[in-house]
Amino acid sequence: MSAVFPYFVNDFKATKMKRNIVFYLLWLFNSVFSLSVTCGQTSVDYYNNGITKYMAKDYAGAVAEYDKAIAIDAKYAMAYHNRGLAKYKLKDYNAAVADYTLAVEYKPEYAMAYFNRGLARYNLGDYDGELADYNKAIELDPKFASAYYNRALAKENLKDSDGALDDYNKAIEFDPKYSKTAYYNIGAIKYSRQDFLGAIKSFTVAIENSPKDARSYFNRGLAHYELGAYVDAKADFTKTVELDPQKAEAFYCRGLTKVFMEDIQGAIADYTKTIEINPRHEKAYYSRGSAKQELKDHEEAISDFSAALAINPNYAEAYNNRGTAKYNLRDLKGAEEDYSLAIEKKSRYAMAYYNRGLVRIELKQQEAACLDFKNALEFGEAAAKNQLSQHCK
């Protein structure tokens, strides 16, 4: 009787770092000049007050100060820009876009305003507008590393991974600090392309630049796993949980790796830890049940498959494997019911048809069994051919 062990590593995606949202307020301080005044406050005074309140995270107060600066000087591009920053922090993205637009209207060479407008447009879901703004920022400042980095993320969002790779490399070229995140994202792209060796190389550079970043170890572990380098994968997952003891997926993936290293008890321990961290981790229950099945602990396996199904009632593989556990306990009717449920959830499930056919032979349901073997063969289970020859002449 066949059980299936789909360990689902491909369900994990190498996640990308987020957009750079540093607003370079230091530029603003450095750009402010002092004025000696004899009466009243100038637009620059209000502007500086706005910076002070922004730095104190009083964003509404900052907006009020920039309002005063603009009331005095209606073409004060930097005040519009900084008011946009404060409105962005208040999550008023449309108003931020409007202020950045006024900033570039009054100061067309203002690369930072285009950059920050791109960020605001991203938050509004205007991805084409976001890309256009980063393009303009780079046109105005060809060494603007943050704009290259964010444009890379924008291109990824628009499915231009080749363009994204080029921009990540430009970001690193113009500002080596991006080695910490850009190499990580390059690795994620290569992983998604199944260039696992390339992904490993990029994640390794990311780790060299940020040795306490658990995500780089985790994703490098996934790439090692895909290449069958289980010792290296296990080492990376172990390092991940050292750095992030609550990362359930790292325990889960280490468990998968241990199965291939024939450490079934170790795998069970890791699946148990996964469940401890995330009690609704259906795949951990499923994989622990599969491991227990390997140890012929069929009753405990049934318990785990049932737990997986309580979380996800459409889990076809769990029905199939629970059916196999029931078969091994000689509960033939229970096994038949589970295989039928597996087929109900996954209509072209060759292994479930094959397994149900075997059960039906024992239940003396030869005609139904032969139909199951025919379906199993049609859907890709080669072993069904022998059963058809033996039972269905």
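Everything that follows concerns the structure shown earlier in this document.
Summarised in this report is the structure supplied together with it. None of the values given here were measured: they were computed from a predicted structure.

## Here's the deal with the side chain of Arg360
Relative to the assigned elements, Arg360 resides in helix 20 (residues 350-362). Polar contacts involving the side chain of Arg360 include one to the side chain of Glu336, which spans 2.9 Å. Leave out the neighbours within four places in its chain, and Arg360 touches Glu336, Ser340, Gln365, Gln366, Ala368, Ala369 and Asp372.

## Quick look at the environment of Gly84
With respect to the helices, strands and loops of the structure, Gly84 is situated in helix 4 (residues 77-89). Judged by relative accessible area, Gly84 falls into the buried class, the value being 0%. If near-sequence neighbours (up to four positions away) are discounted, Gly84 is found in contact with Ala96, Asp99 and Tyr100.

## Examining the packing of aromatic side chains
Under the criterion given, the structure shown has 22 aromatic pairs. Ring geometry for Tyr47 versus Tyr76: centroids 5.3 Å apart, planes at 20°, classification stacked. One end of the pair, Tyr47, is in helix 2 (residues 43-55); the other, Tyr76, is in the loop between helix 3 (59-72) and helix 4, with 29 residues separating them in the sequence. In this structure, Tyr47 and Tyr76 share a single accessibility class: buried. Look at Tyr149 and Tyr178: their rings are 4.9 Å apart centre to centre, the planes differ by 25°, and that puts the pair in the stacked class. Of this pair, Tyr149 sits in helix 8 (residues 145-157) while Tyr178 sits in the loop between helix 9 (161-174) and helix 10 (179-192); the two residues are 29 residues apart in sequence, bridging distant segments of the chain. You can call Tyr178 buried: its relative accessible area is 3%. Through a chain of ring-to-ring contacts, three or more aromatic side chains come together here, namely Tyr47, Tyr66 and Tyr76. Of note, Lys107 hangs over the ring of Tyr110, and the distance from its end group to the ring centre comes to 4.4 Å. Over the ring of Tyr327 we find Arg330, and its NZ or CZ is 5.0 Å from the ring centre.

## Structural notes on a nonpolar patch on the surface
On the surface, Tyr122, Tyr127 and Leu158 cluster together into a nonpolar patch covering about 230 Å² of accessible area. Topologically, Tyr127 is positioned in helix 7 (residues 127-140). The class for Tyr127 is partly exposed, based on a relative accessible area of 32%.

Conventions used here
- Residues numbered from 1 in each chain as written.
- Predicted model: local features only at pLDDT ≥ 70, side-chain atom pairs only at ≥ 80, totals over all residues.
- Heavy atoms only, no water.
- Helix = DSSP H or I, 4+ residues; strand = E, 2+ residues; numbered from the N terminus.
- Polar contact = N/O pair within 3.5 Å; in protein donor to acceptor, adjacent residues only side chain to side chain.
- Contact = heavy atoms within 4.5 Å.
- Buried < 20%, exposed > 50% of the residue type's maximum accessible area, 1.4 Å probe, protein only.
- Phe/Tyr/Trp six-rings, centres within 6.5 Å; stacked < 30°, edge-to-face > 60°.
- Lys NZ or Arg CZ within 6 Å of the ring centre and 35° of its normal.
- Patch = residues over 30% accessible without salt bridge, like charges linked within 9 Å, V, L, I, M, F, W, Y side chains within 5 Å.
- Areas by Shrake-Rupley, 256 points an atom, 1.4 Å probe, with all protein chains shown as cover.
- Salt bridge = Lys/Arg side-chain N within 4 Å of Asp/Glu carboxyl O.

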